[in-house]
Amino acid sequence: MINLILFGSFFVMLFLNIPICVSLGMSSIFAMLFSGDKLSIVPTNVYSSMAKFLLLAIPFFVLSGNIMAKAGISTRLVQFIDDCIGHRRGGIAIVCVVVACFFGAISGSGPATVAALGIILIPAMINRGGFSAAFSSAMMATASSIAIVIPPSIAFVVYASITGVSVGDMFMGGILPGVMMGLALVIIIMIEVRRKGLPASREKATWGERWKSFRTAFWGFLMPVIILGGIYGGVFTPTEAAAVSVVYGLIVGLFIYREVKIKDLFDLLVDSGKTTGGIMLIIGAASLFSYICTVHGISKAAQALLLNVAGNKYIFLIIINVIFLIAGCFVDANSAMYIFIPIMYPVAQQLGINLVHFGVIATVNLAIGQVTPPVGVNLFVAIGVSEKLTNIKDKTRVTIETMSKAVWPMILACVIALLLVTYIPFFSTVFLKGV
């Protein structure tokens, strides 16, 4: 009966469009009231779930991403990548994918990447590249989803806080899968270019022009190198790396690019605080939900069921892919992590699956979920950006219906990349020490 109350009330509130953190928290409280548990557990559990040193990395990564976005790194990255490959057929769409990967390595957030790059690249893909408004918006949304796979990733930090896996190992494990998702999208672009017969949209840049744009974009490229190099080289912990990235971002924004002013810092801190607060609320509520599942034996029952149904790791991997792909349609990555990972990772361990590999699989699934209707958050951010555009040739209004139709080939390409990552552990473990 408690299962019905917990999950039933959660899904009812979810379909009523109640925020995910409220749905998770209230359904947990309803279950506690029914079972007679003391409500004093709520503040204790929520606080303990958020009061982890490792999770301090989240506000720092959010703040550093906001600082670098304000510093104008997106424009500089676009210019350099465009100078390198923009002269090819479909080049501006390929620029979209490549820049989204690099900017994702700075922001660590899919929606933030759409918001920062969409205003530049969506009109460029329409006007210069000849792509439709729906295809351009869908490509921007899908490319930006790679942000939670390419390190540094907030989703990896959350996964590591649940399982105890090294954040540095998770970051290294995400590099190749992120690149593979990007290559899958480039193939979709090439197919679209051939289908529509689109020509090259600009002249090839000279080496002098490329060198000039590289010099301005260099400081943005250097941030992920400092973060990953510092962590993997043992110079600092992931949390310290996040703090270093804030200091580095301030130096670049205030003194090198000079786009960030002292008066901007208050707004940057407020925006970062809002984003972090939202993430932490979800973590606290999802942790309470997971606690109820554990205390009342729901987690153990689910684990036993998974072992019995799966039988071996290959069937288990199919099952978790299906579960995470469906979950990604309705809940955000952080919520899904706290709901499903505590149930699934002990089973993965028993079946001999590397936990870094398992975490990468889960994150790639949830990245795809960011562009899967009906609740793909990146799709809605891309629609919001598209609605603000006035200087575009294709005046067709972008809606969730047109985006859903345009995004399916991209989702299919990412699913193929997911299957390769799932069944060939090499792609997520090749850079790990001792593996």
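Above: the structure in question.
Cut-offs and rules
Residues numbered from 1 in each chain as written. Predicted model: local features only at pLDDT ≥ 70, side-chain atom pairs only at ≥ 80, totals over all residues. Heavy atoms only, no water. Helix = DSSP H or I, 4+ residues; strand = E, 2+ residues; numbered from the N terminus. Rg over C-alpha atoms; globule rule 2.2 N^0.38 Å. Buried < 20%, exposed > 50% of the residue type's maximum accessible area, 1.4 Å probe, protein only. Contact = heavy atoms within 4.5 Å. Core = buried A, V, L, I, M, F, W, Y, C linked by side-chain atoms within 4.5 Å. Axes fitted to C-alpha atoms, helices over the stretch in contact; angles between N-to-C directions. Parallel < 35°, antiparallel > 145°, perpendicular 65-115°, else oblique. Left-handed = near helix turned anticlockwise from the far one by under 90°. Nonpolar A, V, L, I, M, F, W, Y, C, P; charged D, E, K, R; others polar. Phe/Tyr/Trp six-rings, centres within 6.5 Å; stacked < 30°, edge-to-face > 60°. Lys NZ or Arg CZ within 6 Å of the ring centre and 35° of its normal. 1 Å grid on protein atoms, 1.4 Å probe; cavity = no way out; pocket = protein on both sides within 12 Å on 5 of 7 lines; lining within 4 Å. Points joined across faces, edges and corners; volume = space filled by probe spheres on them. Expected span 1.5 Å × (residues − 1). Arc of directions from axis to C-beta. Disulfide = S-S within 2.5 Å.

Peer 1: Before we go on, may I ask you to explain the overall build of the chain in this structure?
Peer 2: Looking only at helices and strands, the chain features 21 helices and zero strands. In terms of overall size, the chain behaves like a compact globule, its C-alpha atoms giving a radius of gyration of 22 Å where 435 residues would be expected to give roughly 22 Å. Residue burial in the chain is summarised as follows: out of 435 residues, 56% are buried. Partitioning the intrachain contacts of the chain with sequence separation of at least 6 by distance along the chain shows that 79% fall at a separation of at least 24.

Peer 1: Please explain the nonpolar core as it appears in this structure.
Peer 2: When a protein is soluble and globular, its nonpolar side chains tend to lie buried together. In terms of nonpolar packing, the biggest core is built from 157 residues, with Ile58, Met139, Phe316 and Phe358 touching the most fellow members. Looking at this core element by element, the count peaks at 12 residues for helix H6 (residues 91-107). Excluding residues within four positions of it along the chain, Phe316 makes contact with Leu306, Ala310, Met344, Val347, Ala348, Leu351, Ile353 and Phe358.

Peer 1: What am I meant to see in the environment of Asn127 here?
Peer 2: Note that Asn127 resides in helix H7 (residues 110-127). Note: C-alpha distance between Asn127 and Ser201 (74 residues apart in sequence) is 9.4 Å.

Peer 1: Looking at this structure, I do not really get the packing of helix H5 (residues 73-85) against H6. What am I missing?
Peer 2: How two helices sit against one another is set out by the angle between their axes and by the gap between those axes. Two elements in contact, H5 and H6, have axes whose closest approach is 9 Å; the angle formed by their N-to-C orientations is 140°. Accordingly, the angle class assigned to the pair H5 and H6 is oblique. Considering how the two elements wind past one another, H5 and H6 form a crossing that is right-handed. Contacts between H5 and H6 pair Ile73, Ser74, Leu77, Val78, Ile81, Asp82 and Ile85 from the former with Gly91, Ile92, Ile94, Val95, Val98, Val99, Phe102, Phe103 and Ile106 from the latter. Tallied by class, residues from the contact of H5 with H6 come to 13 nonpolar, two polar and one charged.

Peer 1: Where do I start with the packing of aromatic side chains in this structure?
Peer 2: Aromatic rings in a pair are described by how distant their centres are and how their planes are angled relative to each other. One pass over the structure, following the stated rule, counts 18 aromatic pairs. Ring centres of Phe131 and Phe135 lie 5.1 Å apart, and the angle between their planes is 15°; on these two criteria the pair is classed as stacked. As far as the burial class goes, Phe131 and Phe135 line up, both buried. On the basis of an interplanar angle of 50° and a centroid distance of 6.5 Å, the ring pair of Tyr159 and Phe358 is categorised as tilted. You can see Tyr159 sitting in helix H9 (residues 154-163) and its partner Phe358 sitting in helix H18 (residues 355-369), a full 199 residues away along the chain. According to the relative accessible area criterion, Tyr159 is buried, its value standing at 0%. Overall, the relative accessible area of 0% leaves Phe358 in the buried class. Taken together, the ring pairs in this structure connect Phe80, Phe102, Trp211, Phe214, Phe218, Trp219 and Phe221 into an aromatic cluster. If you follow Arg76 out to its NZ or CZ, it ends over the ring of Tyr257, 3.9 Å from the centre. Arg210 extends its terminal NZ or CZ atom over the ring of Trp207, reaching a point 4.6 Å from the ring centre.

Peer 1: So what exactly am I meant to see when it comes to the packing of helix H4 (residues 57-70) against helix H13 (residues 238-256) here?
Peer 2: In the contact formed by H4 and H13, the axes pass within 8 Å of each other and the chain directions differ by 20°. Compared by their axis directions, H4 and H13 come out roughly parallel. For the element pair H4 and H13, the recorded crossing hand is left-handed. Along the contact surface, H4 presents Ala57, Phe60, Phe61, Leu63, Ser64, Ile67 and Met68, while H13 presents Pro238, Thr239, Ala242, Ala243, Ser245, Val246, Gly249, Leu250 and Val252. Across the contact of H4 with H13, the residue classes tally to 12 nonpolar, four polar and no charged.

Peer 1: Which parts of the structure should I look at to understand the layout of surface pockets?
Peer 2: Rolled over the atoms, a probe as big as a water molecule pinpoints where empty space is left. Estimates place the volume of the largest pocket at around 1,200 Å³. Ser109, Pro111, Asp332, Gln370 and Val377 are the residues nearest the centre of the largest pocket, which is lined by 45 residues in total. Where the lining of the largest pocket is concerned, the elements lending two or more residues are helix H1 (2-15), H4, H6, H7, H9, helix H14 (264-295), helix H17 (333-350) and H18. When residues of the lining of the largest pocket are assigned to their parent elements, the largest contribution, nine residues, is made by H14. When grouped by side-chain class, the residues that make up the lining of the largest pocket number 26 nonpolar, 13 polar and six charged. Elements with a minimum of two residues in the lining of the second largest pocket: H1, H14, helix H15 (298-310), helix H16 (313-328) and H17. Of the residues assigned to the lining of the second largest pocket, the class counts are 22 nonpolar, no polar and no charged.

Peer 1: Help me understand H1, please; the structure alone is not making it clear to me.
Peer 2: The α-helix winds at 3.6 residues per turn, so residues separated by three or four positions along the chain end up facing the same way. The end-to-end C-alpha distance of H1, which contains 14 residues, comes to 20 Å, matching closely the 20 Å that a straight helix rising 1.5 Å per residue would cover. Within H1, burial applies to Ile2, Ile5, Leu6, Ser9, Phe10, Met13 and Leu14. Axial view of H1: buried residues confined to an arc of 145°, hence all on one face. Across from the buried face of H1, at angles greater than 90 degrees, the exposed residues are Leu4, Val12 and Phe15. Here the buried face of H1 lies against helix H2 (20-35), H14, H15 and H17. Positioned one or two residues after H1, Asn17 has a phi angle of 70°, which is positive.

Peer 1: Can you walk me through the state of the cysteines in this structure?
Peer 2: In protein structure, a disulfide is the covalent linkage between the sulfur atoms of two cysteines. Applying the stated rule across the entire model yields zero disulfides. Unpaired in terms of disulfides, Cys101 finds its nearest cysteine sulfur in Cys96, a separation of 9.4 Å. By relative accessible area, which is 16% here, Cys101 ends up buried. With no disulfide of its own, Cys414 lies closest to Cys101 among cysteine sulfurs, the gap being 10 Å. With relative accessibility at 2%, the residue Cys414 sits in the buried group.

Peer 1: Looking at this structure, I do not really get H4. What am I missing?
Peer 2: The terminal C-alpha atoms of H4, which comprises 14 residues, lie 20 Å apart, in line with the 20 Å expected from a rise of 1.5 Å per residue. Where H4 is concerned, the buried positions are Ala57, Ile58, Phe61, Val62, Leu63, Ser64, Gly65, Ile67 and Met68. Phi turns positive one or two residues past the end of H4, at Gly72, with a value near 85°.

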